[in-house]
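So the chains spell out like this:
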Amino acid sequence: MSAMTPEPHPFAALGPEPIHTIGREELQAKLARGDDFKLIMALNRWAFEAKHIPGSLHFDSPAELYAAVKPDDEVIVYCSQIDCLSSVALYRELIRRGYKNVRRYSGGLLDWETAGLPLEGNLT
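Anyway, here's the lowdown on the structure attached to this text. The numbers attached to residues start from 1 for each chain and follow its sequence in the written order. Predicted model: local features are reported for residues with pLDDT of at least 70 only, side-chain atom pairs are reported and counted for 80 or more only, and whole-chain, interface and lining totals are derived from all residues. Hydrogen atoms and water are omitted, and side-chain values are computed over all heavy atoms in the structure.

## Describing the overall build of the chain
Heads up, the rule is: Numbered from the N terminus, helices here are DSSP runs of H or I no shorter than four residues, and strands are runs of E no shorter than two. Buried, partly exposed and exposed residues are distinguished by accessible area as a fraction of the type maximum, computed with a 1.4 Å probe on protein chains only: under 20%, between the cut-offs, and over 50%, respectively. Contacts: residue pairs with any heavy atoms within 4.5 Å of one another. Computed by Shrake-Rupley with a 1.4 Å probe, the accessible areas treat only the displayed protein chains as cover when residues are assessed.
A count of helices and strands for the chain gives 5 helices and 3 strands. Traced from its N-terminal end to its C-terminal end, the chain shows the element sequence α-β-α-α-β-α-β-α. Counting all 124 residues of the chain, 39% fall into the buried class. For the chain, the proportion of contacts with a sequence separation of at least 24, taken over those separated by at least 6, is 68%. Of the roughly 6700 Å² of accessible surface on the chain, a fraction of 57% belongs to carbon and sulfur atoms.

What follows is the structure in structure tokens.
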């Protein structure tokens, strides 16, 4: 069961509905098992190329994303850290478009890197 916790500041949440989240340990376990899900970094191409969680996807346009990710896919979105709104906006848009199994890794890159977990990219 997913937690319904950490969200950005209430005035920056881009909507009143709670955001379904996933914690670092559960995400790490899913990656280690090779679970079938789409891990999407919601930052720009430069940030993705600099560093990202291994196995992450990045899309340069909404059309690319919606061609590659189907509404019945399990999707986890993340960005830099808890107050970053890029993943919140992507989460809300996916839900609005009818995606049913979406969660946000609120801690994002900062939480992952602080825990000493591996990253990929040209700045790692």
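That shown, we press on.
## Topic: the layout of surface pockets
Short version of the rule: A cavity here means a set of 1 Å grid points, computed over protein atoms only, where a 1.4 Å probe fits but cannot escape. A pocket is an open set with protein on both sides within 12 Å along at least 5 of 7 lines, and lining residues have an atom within 4 Å of a point. Grid points are joined across faces, edges and corners, and a volume is the space filled by probe spheres set on the points. As a working rule, the residues Ala, Val, Leu, Ile, Met, Phe, Trp, Tyr, Cys and Pro are called nonpolar, Asp, Glu, Lys and Arg charged, and the rest polar, with Gly in that last group.
Roughly 160 Å³ of volume is contained in the largest pocket. As for the largest pocket, its lining consists of 13 residues, of which Phe59, Ser61, Pro62, Leu65 and Leu90 are closest to the centre. Contributions of two or more residues to the lining of the largest pocket are made by strand S1 (38-41), helix H3 (62-68) and helix H4 (86-96). Take the lining of the largest pocket: its biggest share by element is 3 residues, from H3. Tallied by class, the residues present in the lining of the largest pocket amount to 9 nonpolar, 2 polar and 2 charged.

## Digging into the packing of aromatic side chains
Test applied: Paired rings are identified among Phe, Tyr and Trp, the last through its six-membered ring, by centres lying within 6.5 Å, and are further divided according to the angle between planes into stacked (under 30 degrees), edge-to-face (over 60) and tilted (the rest). Only when the NZ of Lys or the CZ of Arg is both within 6 Å of the ring centre and within 35 degrees of the ring normal is a charge said to sit over the ring.
Here the structure, examined in full by the defined rule, presents 2 aromatic pairs. Relative to Tyr99, the ring of Tyr66 has its centre 6.1 Å away and its plane inclined at 50°; by these criteria the two rings are tilted. One end of the pair, Tyr66, is in helix H3; the other, Tyr99, is in the loop between H4 and strand S3 (102-104), with 33 residues separating them in the sequence. Tyr99 gets classed as buried once you look at its relative accessible area, which sits at 5%. Judged by centre distance (6.1 Å) and plane angle (80°), the ring pair of Tyr105 and Trp112 falls under edge-to-face. Above the face of the Phe37 ring, Lys30 is positioned so that its terminal group lies 5.1 Å from the ring centre.

## Remarks on the sheet that holds strand S2 (residues 75-78)
To be explicit about the condition: At least two DSSP bridges between two strands are required for those strands to pair. Axis definition: a line fitted to C-alpha atoms, limited for helices to the stretch in contact. Angles are taken between N-to-C directions and run from 0 to 180 degrees.
With parallel pairing, 3 strands are arranged side by side in an open sheet as S1-S2-S3. Two strands close off the open sheet at either side, each with one partner strand: S1 and S3. Within this sheet the neighbouring strands show an average axis-to-axis angle of 25°, counted without direction. When S1 meets S2, the two strands line up parallel, connected through 4 bridges. Following the sheet pairing, Met41 is matched in S2 by Tyr78. Here H4 sits on the sheet and contacts S1, S2 and S3; the angle it forms with S3, its principal contact strand, is near 170°.

## Some details on the pattern of salt bridges
For side chains bearing opposite charge, pairing can occur when the charged atoms are close. Stated precisely, the cut-off is as follows: Salt-bridge detection follows one rule: a side-chain nitrogen of Lys or Arg within 4 Å of a carboxyl oxygen of Asp or Glu.
Enumeration over the complete set of coordinates arrives at 12 salt bridges. The network of salt bridges with shared partners includes Glu26, Lys30, Arg33, Asp35, Glu74 and Arg103.

## Overview of the pairing of S2
With burial as the criterion, each face of S2 is covered, one bearing Val75 and Val77 and the other bearing Ile76 and Tyr78. When S2 meets S3, the two strands line up parallel, connected through 3 bridges. Bridge pairing in S3 links Val75 to Val102.

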